[in-house]
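Descriptive analysis of the structure
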Amino acid sequence: MTVLGIETSCDETAAAVVTGDGRILANLVLSQLDEHRPYGGVVPEIAARSHLDHIDRLVEEAMAEAGLEFGALDGIAVTAGPGLIGGVFVGVMTAKAIALAWDLPFLAVNHLEGHALTARLGTDLAFPYLLLLVSGGHCQLLAVEGVGCYSRLGGTIDDAVGEAFDKTAKLLGLGYPGGPAVERAAADGDPAAFALPRPMIGRPGLDFSFSGLKTAVRHAAQAADLLDDPPGDAGNDAGRKADLAAAFQEAVGDILAERCGKALDLFRERYGKAGPLVVAGGVAANRHLRERLDGVARAAGSELMAPPPALCTDNAAMIAWAGVERLRLGLTDPLDFAARPRWPL
Ligand code: KG4
Ligand code: ZN
């Protein structure tokens, strides 16, 4: 089984070809970072136009790299939401056109399901597993019981983790995109140099909150006079900024670790097995957080399964793989499937 995947829901134009036995024959990601950088965030209109400019060529390149003609495919999978709708339309219309022209099954994939199933790509990870999904727009704990069977255990009541990373980076002028910039800065910082809160730790339930942490970072930055440097130029404050980035990352690590520890207990009660704990989404590319979660999983007699960083941030291999999983179960979609700006798992 061979599936072409297309991803255009945010600021990456991506096309990939993946097989039923988990081989990635092609995985191309075209980042629009340079186009959005002057604005300090993703501009939906620019994103949609850029997807339109590049998607056809990228799909052709992916097929060439895989050494396949469209007729050799078993299905076309595409992110049909949630995401910036202008971009989602571009991917969905492209995928529908190919499916129609070549009479291939069409698979409308939920972007979050793509992240959720990535850990099974090329591995023998079995259901059920505990999933921490941490990206730019989402922060959720889910029990993944099967394809299309997701039981939500908890989630953020305000900001997503990636959003907190991005805002912290913007505030400190560390550059864009924020997550990797904060991780780089934090590597040289002392996390104990600033005292930041750990919202929700010790509270019942498995929800998260990051807005208080974000505000605390802003107050700490103001108090330490770190706010007036031009973007990308840390000036003489580089050391203090690194400390604050490290303190922020440490606080996030503490929060995720405590919540995942509790979630593993609940998971064991409910499913009678110790995880495994799977982490997915862009923030899962963060090495410090991966180490923290690995520690939590081990302490619970479980293990952490984290996809390679390049499969954590947005890509089309995860969409093609979700397509494979759905196609195996006969879960294809009609060509009048409507793209969805919002689409909870
Ligand atoms: O999954 P993703 O690529 O796109 C969404 O579906 O949202 O996640 C993007 C998010 C951004 O907020 C980005 O700053 C964050 O993931 N991110 C990171 C790292 N790499 C990406 N956050 C922390 N550390 C990283 N190394
Ligand atoms: Zn994503």
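Predicted, not measured: the structure shown is a model, and the values here were computed from it.

Definitions and limits used
For every chain, the first residue of the written sequence is number 1, and numbering continues from 1 along that sequence. Think of it this way: whatever chain is written first is A, whatever ligand is written first is 1, and the rest follow in order. Only residues with pLDDT of at least 70 are given local features in this predicted model, and only at 80 or more are side-chain atom pairs given and counted; all residues enter the totals for whole chains, interfaces and linings. Helix and strand assignments follow DSSP, with helices taken as H or I runs no shorter than four residues and strands as E runs no shorter than two, numbered in order from the N terminus. With C-alpha atoms as the basis for the radius of gyration, the globule rule is written as 2.2 Å multiplied by the number of residues raised to the power 0.38. Labels follow a simple rule on C-beta atoms placed from the backbone: if 20 or more others lie within 10 Å of a residue's own, it is buried; if 12 or fewer, it is exposed; otherwise it is partly exposed. The contact criterion used here is simple: two residues whose C-beta atoms, placed from the backbone, lie within 7 Å are in contact. By convention here, the C-beta atom is placed from the backbone, and a residue is near a molecule or strand when that atom is within 6 Å of it. Gly counts as polar in this scheme, as do all residues outside two lists: the nonpolar Ala, Val, Leu, Ile, Met, Phe, Trp, Tyr, Cys and Pro, and the charged Asp, Glu, Lys and Arg. Annotation comment: domain bounds sourced from an automatic or database domain assignment. For a helix, the expected span equals 1.5 Å multiplied by the number of residues minus one. We define the nonpolar core as any set of buried residues of the types Ala, Val, Leu, Ile, Met, Phe, Trp, Tyr and Cys, connected via C-beta atoms lying within 7 Å of each other. UniProt positions are given in the numbering used here, feature names are shortened, and annotations may be inferred rather than shown by experiment. In this analysis an axis means a line fitted to C-alpha atoms, helices contributing only their contacting stretch, and an angle means the value between N-to-C directions, from 0 to 180 degrees. Roughly parallel means an angle under 35 degrees; roughly antiparallel means over 145; roughly perpendicular covers 65 to 115; every other angle is labelled oblique. Rotating anticlockwise by less than a right angle from the far helix to the near helix defines a left-handed crossing, while the corresponding clockwise rotation defines a right-handed one. pLDDT: the predictor's confidence for each residue, scored from 0 to 100. To get the bend at a residue, fit one axis to the 7 residues ending there and another to the 7 starting there, then take the angle between the axes. Here, strands pair whenever DSSP counts at least two bridges between them.

1. Some words on the overall build of the chain
Within the chain, the regular secondary structure consists of 11 helices and 10 strands. Here the chain has a C-alpha radius of gyration of 20 Å; the compact-globule value for 345 residues is 20 Å, and the two agree. Residues classed as buried in the chain amount to 54% of the 345 residues present. Considering only intrachain contacts with a sequence separation of at least 6, the fraction spanning at least 24 residues in the chain is 73%.

2. Thoughts on the environment of Arg326
Its place among the elements puts Arg326 in helix H11 (residues 317–328). Judged by C-beta crowding, with 24 C-beta atoms within 10 Å, Arg326 ranks as buried. C-alpha separation for the pair Arg326 and Ala77, spaced 249 residues apart in sequence, amounts to 9.4 Å. With sequence-adjacent residues up to four places away left out, Arg326 is seen in contact with Leu107, Val147 and Leu331.

3. Points about the site of ligand 1
Near ligand 1 there are 19 residues, and of these Gly136, Gly162, Gly179, Gly282 and Asn286 occur at the shortest range. Considering every element that reaches the shell around ligand 1, the biggest residue donor is helix H6 (residues 178–186), with 4 residues. Here the residues of the shell around ligand 1 are counted per class, giving 6 nonpolar, 10 polar and 3 charged. Counting contributing residues, the shell around ligand 1 receives three or more from each of domain 1 (2–119 + 311–328) and domain 2 (127–306).

4. Structural notes on the domain arrangement of the chain
For the chain, the assigned domains are domain 1 (2–119 + 311–328) and domain 2 (127–306). Taking only C-alpha atoms into account, the centre of domain 1 sits 27 Å from that of domain 2. Taken residue by residue, the interface counts 13 residues in domain 1 and 18 residues in domain 2. Counting only elements with at least two residues in the side of domain 1 that touches domain 2, the list comes to helix H4 (111–117) and H11. Element by element, the count of residues in the side of domain 1 that touches domain 2 is highest for H4, at 3 residues. Classifying every residue of the side of domain 1 that touches domain 2 gives 5 nonpolar, 4 polar and 4 charged.

5. Topic: H11
An α-helical turn contains 3.6 residues, so any two residues separated by three or four positions project in the same direction. When the terminal C-alpha atoms of H11 are compared, their 16 Å separation across 12 residues agrees well with the 16 Å that a helix rising 1.5 Å per residue should span. Among all positions in H11, only Ala317, Met318, Ile319, Ala320, Trp321, Ala322, Gly323, Val324, Glu325 and Arg326 are buried. Backbone geometry just downstream of H11 places Gly330 in the positive-phi region, at approximately 75 degrees.

6. Considering the nonpolar core
Among the nonpolar cores identified, the biggest contains 115 residues, and Ala16 and Ala320 are the most heavily contacted of them. Counting contributing residues, this core receives three or more from each of domain 1 (2–119 + 311–328) and domain 2 (127–306). In contact with Ala320, other than residues within four places in its own chain, are Val3, Leu4, Gly5, Ala16, Val17, Val18 and Ala77.

7. Notes on the UniProt feature "binding site: substrate" (unreviewed entry) in the chain
This chain's UniProt record puts "binding site: substrate" (unreviewed entry) on Leu133, Val134, Ser135, Gly136, Gly137, Asp166, Gly179, Glu183 and Asn286. Each residue touching Ser135, except ones within four places of it in the same chain, is listed here: His115, Ala160, Gly162, Gly281, Gly282 and Val283. Secondary-structure assignment places Gly179 in helix H6. Residue class for Gly179 comes out buried when judged on the 26 C-beta atoms lying within 10 Å of it. Apart from residues lying up to four places away in sequence, Gly179 is in contact with Gly162, Phe165, Asp166, Gly282, Val283 and Asn286.

8. A word on the packing of helix H8 (residues 238–271) against helix H9 (residues 287–299)
Where H8 contacts H9, the two axes come as close as 9 Å, and the packing angle between them is 30 degrees. As summarised for this structure, H8 and H9 are arranged roughly parallel, according to the angle between their axes. Between H8 and H9 lies a crossing whose hand is right-handed. Together, Gln249, Val252, Gly253, Leu256, Ala257, Cys260 and Gly261 of H8 and His288, Leu289, Arg292, Leu293 and Val296 of H9 make up the contact between the two elements. Each residue belonging to the contact of H8 with H9 can be placed in one class, and the counts come to 7 nonpolar, 4 polar and 1 charged.

9. Looking at the confidence of the model for the chain
Looking at the chain, the pLDDT average stands at 96 and 98% of residues meet or exceed 70. For the chain, helix H1 (residues 33–36) is the element with the lowest average pLDDT, namely 93, and strand E1 (residues 2–7) is the one with the highest, namely 99.

10. Side note on helix H2 (residues 44–66)
Here H2 is 23 residues long and its end C-alpha atoms lie 31 Å apart, about the 33 Å a rise of 1.5 Å per residue gives. At His54, H2 shows its largest bend, some 40 degrees. For H2, the set of buried residues is Ala47, Ser50, His51, Ile55, Leu58, Val59, Ala62, Met63 and Ala66. Buried residues along H2 sit against E1, strand E2 (12–19), strand E3 (24–31), H1 and helix H3 (85–102).

11. Details of the pairing of strand E7 (residues 139–146)
Two faces belong to every sheet, and in a regular strand the side chains alternate between them. Direction of pairing for strand E6 (residues 129–134) relative to E7: antiparallel, over a ladder of 6 bridges. Paired with Leu131 across the bridge in E7 is Leu142. The hairpin turn running from E6 into E7, its antiparallel successor, is 4 residues long. Direction of pairing for E7 relative to strand E8 (residues 149–155): antiparallel, over a ladder of 6 bridges. Residue pairing in the sheet places Gln140 in a bridge with Gly155 of E8.

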